[in-house]
Amino acid sequence: MLSSFTPGFTQIRVTALAGGVGGAKLAVGLQQILPPGALTVIVNTGDDFEHWGLHVCPDLDTVLYNLATINNPEMGWGRQEEKFTVLDEMDRYGGDQWFRIGDKDLALHLRRTEWMRQGVSLSEVTDRLRRMLGVPSTILPMCNEPVRTLVHTDEGDLPFQHYFVRRRCEPTLVDLSFLGAERAKLSNEIKRALDRADLVVFCPSNPYVSIDPILAVPGMRDRLCAIKAPKIGVSPIVSGQALKGPAAKMMRELGEMISPVTVVDHLGDLLDGFVIDAQDRDLCEAVILPTLTTDTIMVDLESKAELARAVVEFGLSLHANHMLSPIDQPSLQ
Ligand code: FO1
């Protein structure tokens, strides 16, 4: 897959923070406009869980398959041209069928579980997989230690995939916990990806269950605040709705306005700029950051690349106006 990268971006490195489908789409756009190897994606692992005795990493795999252009375009997750013969056969043995793992997807879970049982880190496993799939970008789990999102609802505490898939996000959200986050460590790869970035992009992912787990890794927030690179968020809410997933429902149940403003307030002082959809132009004044309004709906490769280009140009313009140029900023020791 040739990346028709934009000549003006030949020397910059971008580090993106992403969760599931929405984040993966912008990651694809960024990979398309940047030179090979210029993009690093830091991915949420709070959705990970053990299923069929296997280590399943839904957000890592969604980003991986999207960047490898082998994802199921309708669902956003899982593989394209997939069969479910193993899943169907599971019924014969009373195995779980609520989480739909296809045959090709299963091969990845088997191999990852085998490597991890040999002591290979999740970062190394992920790097082997992305190289084998020909992905030019670096994909990093937010940490190598297990962190699990627990959803506190009016019906009790639910592991994330049980809430998201089994219960289709129906229970009312009361709170969220990221079990194990206190034991998580900032890997050297993550430190390097943040220190070397000329721009950091918070992809249009769910702020509560995709971005917050990443920020819950001790040291992540401080490192993001310390780097000189501009940090740009892209709203996952357009016209009072989430483009995909439960972000809007979660906002409502947490008593928040369903608005890009809520996302900005939630991410607080981490951001230097924010990108909202042109349909929400009237909210610009309410966003207390430099704001870009543009078309943020990504329906195909072209619109993903267009949004990525707009985000990068916007981010670098903030640098040009208010900060050191990317070249002569001292990197953190
Ligand atoms: N989401 C569903 O709504 N139903 C599924 O059966 C399902 C299976 C699945 C298998 C592999 C994978 O990588 C993702 C899968 N997802 C499924 C999506 C996943 O639950 C979510 O994408 C993330 O956890 C939230 O972003």
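Given the structure is predicted, the values throughout are model-derived calculations rather than measurements.

Go over the nonpolar core, please, and point to the residues and values.
Residues Leu 17, Phe 202, Leu 215, Met 220, Leu 224 and Phe 274 are the most contacted members of the largest nonpolar core, which totals 49 residues. Excluding its chain neighbours within four sequence positions, the residues that come into contact with Leu 215 are Leu 17, Phe 202, Met 220, Arg 221, Leu 224, Leu 267 and Leu 270. Within the second largest apolar cluster, 47 residues are counted, among which are Val 28, Leu 30, Ile 33 and Val 234.

Describe the sheet that holds strand β7 (residues 156-159), listing the residues and the values that go with them.
A sheet is described by the order of its strands in space; here three strands give the open sequence β7-β6-β8, paired in antiparallel fashion. Looking at which strands have only one partner, the edges of the open sheet turn out to be β7 and β8 (173-179). On average, each strand axis in the sheet is tilted by 25° relative to the strand beside it, whichever way the strands run. Note that strand β6 (residues 148-153) and β8 share six bridges and pair antiparallel. Looking at the pairing, Thr 153 lines up with Leu 173 of β8. On top of the sheet, helix α8 (residues 207-215) reaches β6 and β8; it is set at about 25° to β8, its chief contact.

Break down the packing of helix α4 (residues 103-117) against helix α5 (residues 122-132) for me, citing the residues and quoting the values.
Where α4 meets α5, the closest approach of the two axes is 10 Å, and the angle between their N-to-C directions is 140°. Taken together, the axes of α4 and α5 are oblique relative to one another. When the axes of α4 and α5 are compared, the crossing they make is right-handed. Residues Leu 108, Arg 112, Trp 115 and Met 116 of α4 form the contact with α5, whose participating residues are Leu 122, Val 125, Arg 128, Leu 129 and Met 132. Grouping the amino acids of the contact of α4 with α5 by side-chain chemistry returns seven nonpolar, no polar and two charged.

Would you mind going over the pattern of salt bridges in detail, with residue names and values included?
Within the structure shown, the criterion is met by 13 salt bridges. Put simply, Asp 127 and Arg 130 hold a salt bridge, and the shortest N to O gap is 3.0 Å. With Asp 127 and Arg 130 both in helix α5, this residue pair falls three residues apart, about one helical turn. Considered together, Asp 127 and Arg 130 belong to a single accessibility category, that of buried residues. The shortest N-O distance in the salt bridge between Arg 131 and Asp 127 comes to 2.7 Å. With Arg 131 and Asp 127 both in helix α5, this residue pair falls four residues apart, about one helical turn. On the basis of relative accessible area, Arg 131 is assigned to the exposed category, the value being 54%.

Basis of the calculations
- Residues numbered from 1 in each chain as written.
- Predicted model: local features only at pLDDT ≥ 70, side-chain atom pairs only at ≥ 80, totals over all residues.
- Heavy atoms only, no water.
- Core = buried A, V, L, I, M, F, W, Y, C linked by side-chain atoms within 4.5 Å.
- Buried < 20%, exposed > 50% of the residue type's maximum accessible area, 1.4 Å probe, protein only.
- Contact = heavy atoms within 4.5 Å.
- Pairing = 2+ DSSP bridges.
- Helix = DSSP H or I, 4+ residues; strand = E, 2+ residues; numbered from the N terminus.
- Axes fitted to C-alpha atoms, helices over the stretch in contact; angles between N-to-C directions.
- Parallel < 35°, antiparallel > 145°, perpendicular 65-115°, else oblique.
- Left-handed = near helix turned anticlockwise from the far one by under 90°.
- Nonpolar A, V, L, I, M, F, W, Y, C, P; charged D, E, K, R; others polar.
- Salt bridge = Lys/Arg side-chain N within 4 Å of Asp/Glu carboxyl O.

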